[in-house]
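Structure assessment
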Amino acid sequence: QVQLVESGGGLVQAGGSLRLSCVASGTIFSINVMGWYRQAPGNERELVAAITSGGRLNYADSVKGRFTISRDNAKNTVYLQMNSLKPQDTAVYYCNLKVGIRNINYWGQGTQVTVSS
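Now for a quick tour of the structure. Throughout, residues of each chain are indexed from 1 in the direction in which the sequence is written. Where local features are concerned, this predicted model is filtered to residues with pLDDT of at least 70; where side-chain atom pairs are given and counted, the filter is 80 or more; whole-chain, interface and lining totals use all residues. Only heavy atoms go into the side-chain values, all of them from the structure, while hydrogens and water stay out.

Here the focus is the packing of aromatic side chains. Any Phe, Tyr or Trp ring, taking Trp's six-membered ring, that has another such ring centre within 6.5 Å forms a pair; planes under 30 degrees apart are called stacked, those over 60 apart edge-to-face, and the others tilted. What the rule picks out here adds up to one aromatic pair. Considering the side-chain rings of Tyr37 and Trp107, the 5.0 Å spacing of their centres and the 70 degrees angle between planes classify their relative orientation as edge-to-face. Taken as a pair, Tyr37 in strand 4 (residues 31-39) and Trp107 in strand 10 (residues 104-107) lie far apart in primary sequence, 70 residues in all. The rule is simple: take the accessible area with a 1.4 Å probe, protein chains only, and divide by the maximum for that residue type; under 20% is buried, over 50% is exposed, in between is partly exposed. Trp107 sits in the partly exposed class, given a relative accessible area of 36%. It is Arg19 that lies over the ring of Tyr79; its NZ or CZ is 4.1 Å from the centre. Cation over ring: Arg45 sits above Trp107, and NZ or CZ is 4.6 Å from the ring centre. Starting at the N terminus, helices and strands are each numbered in turn, a helix being any DSSP run of H or I of at least four residues and a strand any DSSP run of E of at least two. A ring is considered to have a charge above it if a Lys NZ or an Arg CZ atom is located within 6 Å of its centre and within 35 degrees of its normal.

Moving on to the state of the cysteines. When the sulfur atoms of two cysteines come within 2.5 Å, that pair is taken as a disulfide. Counted under the stated rule, the structure contains one disulfide. The partner cysteine of Cys22 in its disulfide is Cys95, sulfur to sulfur 2.1 Å. Taking the sign of the torsion about the S-S bond as the criterion, the disulfide between Cys22 and Cys95, at about -85 degrees, is left-handed. Here Cys22, found in strand 3 (residues 18-26), pairs with Cys95, found in strand 9 (residues 91-99); they are 73 residues apart in sequence, far enough to count as distant. Given the relative accessible area of 0%, Cys22 is considered buried.

It is worth spelling out the pairing of strand 8 (residues 77-82) at this point. Where burial is concerned, most of strand 8 is hidden: five out of the six residues are buried. When DSSP finds two or more bridges between a pair of strands, those strands are recorded as paired. By the bridge criterion, six bridges tie strand 7 (residues 67-72) to strand 8 in an arrangement that is antiparallel. Along strand 8, the bridge assignment pairs Asp72 with Thr77. Remark: four residues form the turn of the hairpin made by strand 7 and strand 8, two consecutive strands paired antiparallel; Asn76 in that turn has positive phi of roughly 50 degrees.

Right under this line is the structure:
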């Protein structure tokens, strides 16, 4: 079983920064992709950023140039540095892992990010 623990969410003013962290623990064999998704009230969950085991990056257009995803393989940790935050970034942010040859999805419990105008 894989557990994901997120931290770093909170309330920040527009233009501010936050850094999210997600630590994976448990029986982990092969992590293919580590990523962050978000879900705002009334909206579907959407991909924010992802990084593959080979270091390939993928960002939502809405966060390009403002957010940076990184990972520490030795610590099974993924980070999301969020700069120049906007009120429309307000959402619950979820950590996601895709593991093994079947790309099984694991999700964190979510952390709230609120950006005030």
